[in-house]
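One-letter residues, chain by chain:
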Amino acid sequence: MTGLNPQLNANGELQHLLTIEGLPREIVLHILDTAHSFLSVGEREIKKVPLLRGKAIFNLFFEASTRTRTTFEIAAKRLSADVINLNVGTSSQSKGETLLDTVANLSAMHADMFVVRHSQSGAAHLIARHVAPYIHVINAGDGRHAHPTQGLLDMFTIRHYKKEFSSLRVAIVGDVLHSRVARSQIHALTTLGVPEVRVIGPRTLLPTNVSELGVHVHHDMATGLKDVDVVIMLRLQNERMNGALLPSAQEFFKYYGLTPEKLANAKPDAIVMHPGPMNRGIEIDSSVADGRQSVILPQVTFGIAVRMAVMAILAGNA
Amino acid sequence: MTSLACPPDTDPPLDEPGLVEMLKHRARSLNQAHVYPIGALTQGLKGERITEMAELLDAGCVAFSQADVQLSDNQVLMRAMQYASTFGYPVWLRPRDAALARDGVAHDGQVATRLGLAPIPVIAETVALSTILLLVRETGARVHLCRLSTGDGVDMVRQAKSLGINVTCDVSANHVHLSEMDIGYFDSNCHLVPPLRSLRDRDALRRGVQDGTVDAICSDHTPVDEDAKQLPFGESESGATGLELLLALTLKWGNEAKLPLAAVLAKVTSAPAGILGIQAGSIAVGVNADLCVFDPHARWKVEPAKLKSQGKNTPFAGYEMNAKVRFTLVEGHVVYEG
């Protein structure tokens, strides 16, 4: 098992999308290019293409989420797939059914694709290892590990505004330790050849060995944001705000919250991104979130096109 | 395997003479191997009140331990060590600071960072180890340290021994061979306690075993139900089956380190017998004919389904082994033929 990339099939094509780590650059670019071609579908009067007609896509959410689930649902529907939403956290798991039993049952209902979110790192890998070979698994977020479609839509957004990855400086700010989004972004940025990726945060919110992921570590916003082209803010979960990791949300905002003053350290044309949902006044000031450099809403729009692309490519590799 | 030291984290824990006698009785009726129970250091392993150690010793216990349950109250730990040392009873402890290891499932290193697994830092071992070593110096207790996993830990024990502090220690056969890298894509068979550490730690453990800092290699036999492993890494139960692989894994290490056979075998025979203070692990006139006859050149492949243990979970599936047991004799009787 070790050594084989579990998300590629024997022809080196994408079988599952579990993480961006280890994905060949060509596949990442192919997804971004395909997403580009889907962008106009959302602007048409009839927002549908028949690519996945007759396919059953199960949104399998073991962890509550409204937004990510909705964007996957819209993406699948625009591809004409049948979408079944399951909030497993509130049904079978609480009755004691195991993760793999749930998946086996749904497979018996002739699922073609699972979109999985789970609070444990590696849950999507576990499912992918146990499904029939014609079923595709998309990781919609597993624990602290990965959220690959978010990472890809962020790359799509950066490419839309910045064109060339090979000349960029990108800073990721906040709770990297607990963030699957940050891990996916870091892998995507390094895969696409971004020469300088920085992470900024207090030491309690950065993994001990984060520099081994190929990033530069900063603890100060002024130096960390100096001359960057892209600022990515991470969401700070409520449960991390008061305790041994951070004393208070206020103190976090004072040192790491993105305000116009701190943003002034970045390049004048730097863009500001956030995976959402935002905590205004905690990781980002409203005047920045709604300001001219913010591309947070376009990220959401691009997210649908990127998820359409991933689903279409996986289905095409059946 | 002719002699087994059995930790007290049974259900219920081995904290009363009656339970120890039952275990000894069951072992005797199976007539497969000598079982040496390790009694609970505190009642119910709760870390509050010490057990009746003298009674437990009379019932057949050879040492006292908290198994994998951490004793975080240092005052209780010190008193337990003082009491045990009054009568010269050995105390077996696994150095792990419960708070520093809290919620963690993997070594705080590059793999946990990459995979987003909650980390267990090296200091979870070394902080606990320094506490234990200071308490040994203070109380004079005879302490055996179980399952070292870090290079820093081995260095501390090496230094303590050179200062004349009376401790012994072991590592598991898993940790002699594996590192965090073996977790690969969330292989729950590599979810172990203590966690598999970095390659540097593994190499330091090997050096420690070789230079005698680490006295023994143990199986850390922890069979886990298959269902409890078919879960996401962090939710899976920790542990691996170990008894059947101990000899082969030890010899594999010996081959790789190019050490003489007798020195290698001592790590799983006379050295652990010496730590336990039992008459076993050596061949001599007048001692029990507890023998293992093995073919050092019989190659075989580890196939979990063919393991005899109740738990088939092993991180070594597919590994090529070089030694195969042909006969096991306990007190002169053949109890196993392979």
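What counts, and where the lines are drawn
Here the residue numbers are simple positions, counted from 1 along each chain's written sequence. Think of it this way: whatever chain is written first is A, whatever ligand is written first is 1, and the rest follow in order. Per-residue local features of the predicted model are confined to residues with pLDDT of at least 70, and side-chain atom pairs are confined, for both listing and counting, to 80 or more; whole-chain, interface and lining totals are unaffected and use all residues. Based on all heavy atoms of the structure, the side-chain values leave hydrogens and waters out of the count. Numbering of helices and strands runs from the N terminus; a helix is a DSSP stretch of H or I covering at least four residues, while a strand is a stretch of E covering at least two. Relative accessibility thresholds used throughout: buried, under 20% of the residue-type maximum; exposed, over 50%; partly exposed, between the two (1.4 Å probe, protein chains only). Note on contacts: a residue pair qualifies if any of its non-hydrogen atoms lie within 4.5 Å across the two residues. Computed by Shrake-Rupley with a 1.4 Å probe, the accessible areas treat only the displayed protein chains as cover when residues are assessed. Radius of gyration here is computed from C-alpha atoms only, and the compact-globule reference equals 2.2 Å multiplied by the residue count raised to the power 0.38. When charges are counted, Lys and Arg contribute as positive and Asp and Glu as negative, whereas His and the chain ends are disregarded. By convention, the point assigned to a charge is CZ for Arg, NZ for Lys, CD for Glu and CG for Asp. The criterion for strand pairing is that DSSP finds at least two bridges linking the strands in question. An axis is simply a line fitted to the C-alpha atoms; with a helix, the fit covers only the stretch in contact. Between two such axes, the angle follows the N-to-C directions and lies from 0 to 180 degrees. By buried area we mean the combined loss of accessible area, with a 1.4 Å probe, across both parts when two parts are placed together. Criterion for a salt bridge: a side-chain nitrogen of Lys or Arg within 4 Å of a carboxyl oxygen of Asp or Glu. Whenever two N or O atoms come within 3.5 Å, that pair is a polar contact, provided that in protein one can donate a hydrogen and the other can accept it, and provided that, for residues adjacent in sequence, both atoms are side-chain atoms. The nonpolar class holds Ala, Val, Leu, Ile, Met, Phe, Trp, Tyr, Cys and Pro. Asp, Glu, Lys and Arg form the charged class, and all remaining residues, Gly among them, are polar. Those domain boundaries reflect an automatic or database domain assignment. The pocket and cavity definitions rest on a 1 Å grid over protein atoms only: a 1.4 Å probe that fits but cannot leave marks a cavity, an open set with protein on both sides within 12 Å along at least five of seven lines marks a pocket, and residues lining either have an atom within 4 Å of a point. Grid points are joined across faces, edges and corners, and a volume is the space filled by probe spheres set on the points. The path from the first strand over the helix to the second decides the hand: if it runs clockwise while the strands point away from the viewer, the crossover is right-handed.

**A closer look at the overall build of chain B**
In step 1: Counting secondary structure elements, chain B contains 13 helices and 14 strands.
In step 2: Here chain B, with 338 residues, has 52% of them falling under the buried criterion.
In step 3: Nonlocal contacts in chain B, meaning residues at least 24 apart in sequence, comprise 71% of its contacts between residues at least 6 apart.
In step 4: When the accessible surface of chain B is summed, it comes to about 15,200 Å², and 50% of that surface belongs to carbon and sulfur atoms.

**Points about the overall build of chain A**
In step 1: Helix and strand content of chain A: 11 helices and 9 strands.
In step 2: At 19 Å, chain A has a C-alpha radius of gyration in line with the 20 Å of a compact globule built from 318 residues.
In step 3: For chain A, the proportion of its 318 residues judged to be buried stands at 58%.
In step 4: Contacts in chain A between residues far apart in sequence, at least 24 positions, make up 74% of those at least 6 positions apart.
In step 5: Only carbon and sulfur atoms are counted for the fraction: they give 52% of the accessible area of chain A, which is about 12,900 Å².
In step 6: Side chains of chain A carry 31 positive and 28 negative charges; the gap between the two charge centres is 3 Å.

**A short note on the sheet that holds strand β8 (residues 230–233) of chain A**
Residues and elements named next belong to chain A.
In step 1: Within the open sheet, the 5 strands sit side by side as β7-β6-β5-β8-β9. Their pairing is parallel. Since the sheet does not close on itself, it has two edges, and those belong to β7 (216–218) and β9 (271–273), each with one partner. The mean inter-strand angle of the sheet, taken between neighbouring strand axes irrespective of direction, is 20 degrees.
In step 2: Note: β8 against β9, 3 bridges, orientation parallel. Bridge pairing in β9 places valine 230 opposite isoleucine 271.
In step 3: Sitting on the sheet, helix α5 (residues 148–162) touches β8 and β9, and the angle it makes with β9 is about 165 degrees.
In step 4: Here helix α6 (residues 180–191) sits on the sheet in contact with β5 (169–173), β6 (196–200) and β8, set at roughly 170 degrees to β5.

**Observations regarding the interface of chain B and chain A**
In step 1: Taken together, the contacts link 21 residues of chain B with 29 residues of chain A.
In step 2: For the chain B face of the interface with chain A, the top three residues by lost area are Thr113, Arg114 and Tyr185 of chain B, together amounting to 35%.
In step 3: Our count for the chain B to chain A interface comes out at 1 salt bridge.
In step 4: A salt bridge links arginine 114 of chain B to glutamate 21 of chain A; the shortest N-O distance between them is 2.5 Å.
In step 5: On inspection of chain B and its partner chain A, the count reaches 6 residue pairs in polar contact (both at pLDDT 80 or more).
In step 6: It is helix α5 (residues 110–115) of chain B that contributes the most residues to the side of chain B that touches chain A, 4 residues altogether.
In step 7: Taken together, the residues of the side of chain B that touches chain A break down into 9 nonpolar, 7 polar and 5 charged.

**A closer look at the domain arrangement of chain A**
All names here are of chain A.
In step 1: Each assigned domain of chain A is listed here: domain 1 (25–146 + 300–316) and domain 2 (148–295).
In step 2: A C-alpha centroid distance of 26 Å is found between domain 1 and domain 2.
In step 3: Residue-level contacts link 27 residues of domain 1 with 22 residues of domain 2.
In step 4: Across the interface of domain 1 and domain 2, roughly 2,100 Å² is buried in total on both sides, 65% from carbon and sulfur atoms.
In step 5: Viewed at the interface, domain 2 and domain 1 are joined by 2 salt bridges.
In step 6: Linking arginine 180 and glutamate 63 is a salt bridge whose minimum nitrogen-to-oxygen distance equals 2.9 Å.
In step 7: At the junction of domain 1 and domain 2, the tally comes to 6 residue pairs in polar contact (both at pLDDT 80 or more).
In step 8: Mapped onto the side of domain 1 that touches domain 2, the elements with two or more residues apiece are α1 (25–38), α2 (67–78), β3 (113–118), β4 (136–142) and α11 (296–316).

**Thoughts on empty space enclosed by the protein**
Residues and elements named next belong to chain A.
In step 1: According to the stated counting rule, one finds 3 cavities of 30 Å³ or more in the structure shown.
In step 2: Empty space within the largest cavity amounts to approximately 110 Å³.
In step 3: Forming the boundary of the largest cavity are Arg67, Thr68, Thr71, Gln150, Leu153, His274, Pro275, Ile296, Gln299, Val300, Gly303 and Arg307.
In step 4: Of all the elements in the fold, those that place two or more residues in the lining of the largest cavity are α2, α5 and α11.
In step 5: No other element matches α11, which puts 5 residues into the lining of the largest cavity.
In step 6: Residue composition of the lining of the largest cavity, grouped by class: 4 nonpolar, 6 polar and 2 charged.

**Things to note about the pattern of salt bridges**
Residues and elements named next belong to chain B.
In step 1: Summed over the entire model, instances satisfying the criterion amount to 24 salt bridges over all chains.
In step 2: Taking the shortest distance from any N to any O, the salt bridge between aspartate 68 and arginine 96 comes out at 3.8 Å. Of this pair, aspartate 68 sits in the loop between β3 (63–65) and α3 (74–86) while arginine 96 is found in the loop between β4 (90–93) and α4 (98–101), placing the two residues 28 residues apart along the sequence.

**Some words on the pairing of β5 of chain A**
Residue and element names in this part refer to chain A.
In step 1: Most of β5 sits out of view: 4 of its 5 residues are buried.
In step 2: Inspection of the sheet shows β5 paired to β6 by 5 bridges, in the parallel sense. Residue pairing for β6: alanine 171 is matched across the bridge by arginine 198.
In step 3: Tracing the backbone out of β5, into α6 and back to the parallel element β6 gives a crossover that is right-handed.

**Re the sheet that holds strand β13 (residues 324–330) of chain B**
Residue and element names in this part refer to chain B.
In step 1: Taking strand neighbours across the sheet as the criterion, the 3 strands line up as β10-β13-β14 in an open arrangement whose pairing is antiparallel. Two strands bound the open sheet, and with one partner strand each, they are β10 (291–295) and β14 (333–337). If you compare each strand with its neighbour and ignore which way they point, the axes differ by 20 degrees on average.
In step 2: In terms of strand pairing, β13 meets β14 through 4 bridges, oriented antiparallel. By the bridge assignment, leucine 329 is partnered in β14 with valine 334.

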